[in-house]
Structure formats: structure tokens, C-alpha cells
Amino acid sequence: MAIKSDKAIKISQKHLLGIQDLSINDVNYILNESQKFIKLNQSKNKRLNVLTGKTQINLFFEPSTRTQSSFELAGKRLGADVMSINMSNSAIKKGETLIDTAMTLNAMHPDIIVIRHQDSGACNLLSQKVNCAVLNAGDGRREHPTQALLDALTIINRKKKIEGLKIAICGDILHSRVARSNIYLLTMLGADVNIVAPTNLMPKEIEKFGVNTFTDMKKALKDCDIVMMLRLQNERMTSSFLSSNREYYEYYGLTPDKLDHAKPDAIIMHPGPMNRGIEIDTRLADDINKSVIKEQVELGVAVRMACLKIFCE
Amino acid sequence: MKKQYFINANIIDPHNSINENGGLIVDEYGKIEAIGKKVNINNLPTREKPIDLKDKYIFPGLVDMRVFVGEPGYEYKENFRTLSNAALSGGVTSVVTMPNTDPVIDNVSIVDFLKRRGRDKSKINIFPCASLTQNIEGTNMTEFGLLAKKGIIGFTDGVKTIQNTSLMSKIMNSAKDLECLIMQHAEDYHLSKNGMINSGIIATKLGLSGIPDIAERIIIERDLALLEKNKCRYHISQLSSAKSVDVIKERKNDVKFTSGVSINNLSLNENDIGDFKTFLKLSPPLRKEEDRQALVQGLKDKTIDVIVSDHKPEDEESKRLTFSQAATGASGIETLLSLSLELYHNGSIKLETIIQALTSNPSKILRINKGNLSIGNDADFCIVDLNKPWIVKKENLISKSKNTSIEDKKLQGKVTNTFVKGKELFKI
């Protein structure tokens, strides 16, 4: 009982569906908890018993390598029983609806369900139908909260703060849930956020979320502390948004000459997987002095451990 | 049938410019014998027992120009019997049915079936539409002339739009030759591709593809340009944006056409979608509050002619899905009048204008002798308690499908009795 009341004070939500639903206290609590797991993940014995006896189901309707393995590892390191269901060859293919799948799994009494789905709002629908907590691992183009949290943690570890930093988010904003979650989180934490994309890849009225919008990458990158690149999501493109990848690279790919407009100590981030030579120059992606892309992956496990622990309790 | 006498009612019949306190006499054949202030207790024989309506309202039975019925093919969503009962409870006595059935209403033989079913199972007047193109594929025209002879009231592809401009031009010419009514759902598919809700901040926030208002405007402007030469009876089924209202206002003087608006777009805006409410996934989509206000203004200044329910019954299974997978449309025929009355109660529009948009205007466009209380006509009318408060509850809906866009909404004004051909077919 003590633990439950503890949670009630520290986190306002039952589910982690999006950054939009979180308060600044929620975010700080998750980030602080995440810090505690970073060391653990670097040590020899990575196993805790925090979630022993708990069941975690990973429900991935879209292919995913890093997010799925990250959630799986996070659960296992906390001692949970983790089951990952590959939905591409399951009942959904036989015509079962998301709600029926949810009811079936719910009958098995899981403690937490991690869901990734190609439709925006799928996690919201799931959360209304199950008794356990639901963690969103990406829904359509709406939100990817743990990615934004791990990005924030990476920035904090490098720059010691977020407030007052100038952060550019570049690329295919229209199709990006990572961009949306990061916009909510980084503006909430006091960063000055620039969004840069060709108009065809810029969501309507995005400026109403309190960001500055640019179509010229060099202007957007001027004096930035952080350059966050996004993957060009060719699989979500349904009509001609761009003339070609090479033109995109010319104007929106991160190259050393464009990066020169940012601060000298600017760091480069990317949620992965990268399209080298399309949105990022391969040398920059591998530049250990500037790129923190591997660190993002590493901290991702810590953030997901914190989220599992907090929302499972 | 016995003669029926109603007195002390507020009668509104826009067709006959009646807006007064008085009575109504229905004769033995279910026709209107007398109406107006001269029908009162002093002018009635003492042997008759008139029904005192105590200042309730009498409106002509409503004419709803955009209704989807599940017959044939989707009887589990709505059939003629359930549709009639739902309509009657909302004071609707005549409906124009959309051809988006399975099979599509696109040939003479299916019209025979439809008319038989309508006659045997329906208690209200059914005016069926046929599709503009065969199987609603947007390529080959249907037989307007033969279908019209069979009793088809108008032609529309319902939820679909004619994209091919050359075909649209030919459709208009045929319609002109044969004096047929064409109704267009205005949506450019390239612009609305994958769209589910209004393009803008809500779509961005929910991560859904948007339908920009220009998708509607482009088709309206195209059709009105064609209409300059090919003058046919042309009706825009539903407007949804301020921009569209501007366009039709500007063009009304030089081209002859009519337009309608769904009660959903008059009463709700995109913010009502909230946390992915699939019952509010509509076509055209709900737009911004400014758009809603422009539509209300358009109705008020009579730029827009008609209010429709856009009644589209969908079963639970079609709506209990993610937003992108869920079916489009809301059930609305039962709440059409009560929700319209909200615009009167909140002072937006005069009562007479609302009733006109629900009765005489659609009848005039359709060229039918309905939606009025003229002497000698069928006594199709409803009695309304204008102030009665009630709450829309899914479980109380009569329609076979419960996908109302206004679940739990508090409304003021309720139909208490509905008559068709003098017969009381609904009573609270």
C-alpha cells in the first residue's frame, strides 16, 4: 500500500500514452529515476528484482529493432517476466480487432503492456480496454514518449540542463512522432525549439505548440546547442512530398558546412535508424566528438526501466 | 379515420407563410382541411372534442435530404422499419435516401426492389436517390432519364465525389436535358488523401492526416464554373467551411444552385473530437469554430438553403477501432430537429428560418409537395414541445445503430407526436 500511495504522489497518470499528458513534475520524476539506472546498466551485474513476479507484454504491430529490444532488456533487467508478441504473424492478421486482442491479453493479467502501432491513438484505445498500465512505444505519427524522455536525458547528461538551450529539430516533422513528443517535452522544460523542414513535410499549425519554424536549415541551426535529426520516413509517404533524396540531402541533410552555423560545441542527435547520406552525412553520424547517437540508445534502456518501474507499481 | 381537431398551437409553415397561434383540422382521409388562427374553439361544432395543444408547436413533417439506410446490403446497420421509427421520433416524415448500398442503387431493377421495400416496411415517405455513376465508380453515367421515370428523386454518388471534370460536365448536360437534380459531395480526393479530420492543429496534435478546406472549395468552384454553361439543377450536399460559404455567397447572383449543411457541422467543431472519438469522424469533417459560425451565419442570411441530418448509421464493430480504421459518419435523424432548435434557443437563428431549412426549402429543391401544411395535402406534421429538456442517451436511441455524435448532450425541445397522412405514428 505504501508503494501505491507513493506512486499516486509522484506520477499523475496511470498510463504513459504521450508527453502531452504529463506534468513537469511527472517528467522530472521519470528523468531522476532514469539517472539511477544508468550506472546499473554499465555495471557487471545488471539484474534487479524490482519487478519480480510482474508480467510485461510487448505488443509490436510495426517492425522495430531498438525500441523493442530496449523495452525487452529494460523489463528483464528489472526482473519482470517479459513476453514479446510479434503482431505481424498473429491474430490481427486473421482479422481480430485491436480491442479483441486487448481483451484476450487482459484476461492473462499482465501488469504492463508496451504497444507500438501504426495508427495514431491506438494506445489510447488499448488503455481504455485493459486493466493494466499501457506504455506507448510509438503510435502512428502522434507520440513516442520514451524516445523524447531518453533524448532529454541525453541532453541533460551532456549539457547539464535543458532550460535556455537552443535546439533544432530537423527533417520529416510531418510523419514524426518523435518530433511531436520532443516538441512537447523540450518546450515544457524551457528550451528554445526551432523546427526545420520543407513546407511539404511541416505539420499544419505546428507553430502553435510554441516553436519557431524554418524552411532554411542554416538559419534554423544558427547558434544551436543541439541538432536533432529525424529519419526521412519513406514508408509513411503516400504521395510526392519530395522530388528526390539527393535534393533533400542538398538542402536538409546535415553536413559539416550546415553544422558550422550551430555553436562549436553543438551535439548531434538522431533517434535511429539512420539513412546515411540522406538526412545525415555519414562522417558526422560517426564523429564521436559531436554525435551522441550511441549514447541515446544506451540511455534509452535506463529511461524505459524507469518508466516500467514507475507505471508498473 | 375520424376527423381530428387541434387547437391552441403555435403553427409555423414557412411554405404558406404561416406563423401564428391557431388550430389544425385533419379530415377523414388524412388531409389537411383547415389551418390557422380561424381554427379555434369558437369556430368548432360543440360535438367535436378538440385536442388542446396548450401552445405547443406544429411544424410540417421535416424533409431530410441526406439519409443513409442499410437496405439493401447493410440491414444490420439500419433497415426501412428502424429508419422510419427513428425518423418519426424526430418529426421527420420524408427522407431522401442515399444510393451507397450493396448493391448500389444504379439501375432500374434495383429501384423496383427499393420501392417495394420502402412501401411495405416504411411508415414515412421515402424518396430514393440513384447514383450518378455506375457502381459509384466515377466513370460511367447511370440512366438518369429511365431512373427518374421509375421515381428516383435525384442523383448523387453520396459519400463520393465526381473527380473527372469532363465527366462532371457531361453529367450536368444530361441532367439539364432530363431536368434531373444533381447532388454533389464536394471533396477533391488528391487534396483529402488519407485525411480523417480537419487539417490544422488538432490533426497535428492527434497525429492524423488532415482534410484541408480547400479540398471542398476546389470542387465547388469547379462545379459552379461548369454550371455557368451547363445549367442544371445542382445542389451541393454539405458545406463545412467558412471559405465555402464565401464562395457560394459570391456566386449565388450569377449561377443558380442550392446548398445544404449537416447539423453536425452547424453544432460541433473539431475540438469535440477530443481523445479520438470515432463517432465524430465525419465527412465532411468538423472544422474550426470560425467555420461553424460562418455556417450558422450562412444559414441565417439564407446563403445556405437546407439543414440535413447526414444520418449514417454504423454498427458498434465499425466504430470500435482505431480512428483511422473506424467508419465515417454519425446517426442523427432522431436528433436533427432538437439539435437545430439549439440554434434558436441560443439566439443564433430565427425559428422560422430553421423550420424553412428543414421543410419547405428541401421540398422546393426536390420539387415535391411535402414539407408544408397546405389545405388538401397529406397531413404530415409534428407536434413539438419547444422547451422540453432531455438528454441524448445511446440506449434510448431508436435507430438500429447508436453512433450518435452528441452522446450525453443536453437538448431543449422535443417532438411529442408525429403524424403521417393524418395517422399518429409516434407519440412520447
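We now turn to the structure provided with this report. Computed from a prediction, not measured in an experiment: that's the story for all the values here.

## Looking at the overall build of chain A
Looking only at helices and strands, one finds 12 helices and 9 strands in chain A. Taking 20 Å as the expected radius of gyration for a compact globule of 313 residues, we find that chain A reaches 19 Å, a close match to that expectation. If one aligns the C-alpha atoms of chain A with their principal axes, the spans along those axes are about 55 × 45 × 35 Å. Out of the 313 residues in chain A, the part that is buried amounts to 58%. Taking as baseline every contact in chain A between residues at least 6 positions apart, the subset at least 24 positions apart corresponds to 73%. About 13,100 Å² of surface is accessible on chain A, with carbon and sulfur atoms providing 50% of the total.

## A short note on the interface of chain A and chain B
The interface is formed by 23 residues belonging to chain A together with 19 residues belonging to chain B. When chain A packs against chain B, close to 1,800 Å² is buried across both sides, 52% of that on carbon and sulfur atoms. Among the residues of chain A in contact with chain B, A:Asp119, A:Lys204 and A:Glu205 are the three that bury the most area, contributing 23% of the side total. Mapped by element, the contributors of at least two residues to the side of chain A that touches chain B are α4 (98-106), α5 (122-129) and α7 (177-188) of chain A. No other element matches α5(A), which puts 4 residues into the side of chain A that touches chain B.

## With respect to the sheet that holds strand β7 (residues 92-97) of chain B
Residue and element names in this part refer to chain B. The 8 strands lie next to each other as β6-β7-β8-β9-β10-β13-β14-β15, forming an open sheet whose pairing is parallel. Two strands in the sheet have a free side with no partner beyond their single neighbour: β6 (62-67) and β15 (306-308). Strand-to-strand twist of the sheet, defined as the mean angle between neighbouring strand axes without regard to direction, takes the value 30 degrees. Two strands pair when backbone bridges link them, and strand β8 (residues 125-130) and strand β9 (residues 154-156) are joined in this way by 2 bridges, in the parallel orientation. Along β9, the bridge assignment pairs Cys-129 with Gly-154. Against the sheet, helix α4 (residues 165-178) contacts β10 (181-184) and β13 (233-236), and its axis sits at roughly 150 degrees relative to β10.

## Side note on the packing of helix α6 (residues 145-159) of chain A against α7(A)
In helix packing, the relevant descriptors are the interaxial angle and the interaxial distance, both defined with respect to the helix axes. All names here are of chain A. Taken N-terminus to C-terminus, the directions of α6 and α7 make an angle of 55 degrees; their axes are 8 Å apart at the nearest point. With respect to α7, the element α6 is oriented oblique. Crossing angle aside, the handedness with which α6 passes α7 is right-handed. When α6 is examined against α7, the residues Pro-145, Gln-147, Ala-148, Leu-149, Asp-151, Ala-152 and Ile-155 are found in contact with a partner set consisting of Val-178, Ser-181, Asn-182, Leu-185 and Leu-186. Here the residues of the contact of α6 with α7 are counted per class, giving 8 nonpolar, 3 polar and 1 charged.

## Focus: the side chain of B:Ser309
Residue and element names in this part refer to chain B. By secondary structure assignment, the location of Ser-309 is in the loop between β15 and α11 (316-319). Judged by relative accessible area, which is 1%, Ser-309 ranks as buried. A polar contact is formed between the side chain of Ser-309 and the backbone nitrogen of His-311, at a distance of 3.1 Å. Setting aside residues no more than four positions away along its own chain, Ser-309 makes contact with Asp-64, Arg-66, Val-67, Ser-262, Ile-263, Asn-264, Gly-332, Ile-333 and Leu-336.

Quick notes on the rules
- Residues numbered from 1 in each chain as written.
- Chains lettered and ligands numbered in written order.
- Predicted model: local features only at pLDDT ≥ 70, side-chain atom pairs only at ≥ 80, totals over all residues.
- Heavy atoms only, no water.
- Helix = DSSP H or I, 4+ residues; strand = E, 2+ residues; numbered from the N terminus.
- Rg over C-alpha atoms; globule rule 2.2 N^0.38 Å.
- Buried < 20%, exposed > 50% of the residue type's maximum accessible area, 1.4 Å probe, protein only.
- Contact = heavy atoms within 4.5 Å.
- Areas by Shrake-Rupley, 256 points an atom, 1.4 Å probe, with all protein chains shown as cover.
- Buried area = accessible area lost by both parts, 1.4 Å probe.
- Pairing = 2+ DSSP bridges.
- Axes fitted to C-alpha atoms, helices over the stretch in contact; angles between N-to-C directions.
- Parallel < 35°, antiparallel > 145°, perpendicular 65-115°, else oblique.
- Left-handed = near helix turned anticlockwise from the far one by under 90°.
- Nonpolar A, V, L, I, M, F, W, Y, C, P; charged D, E, K, R; others polar.
- Polar contact = N/O pair within 3.5 Å; in protein donor to acceptor, adjacent residues only side chain to side chain.

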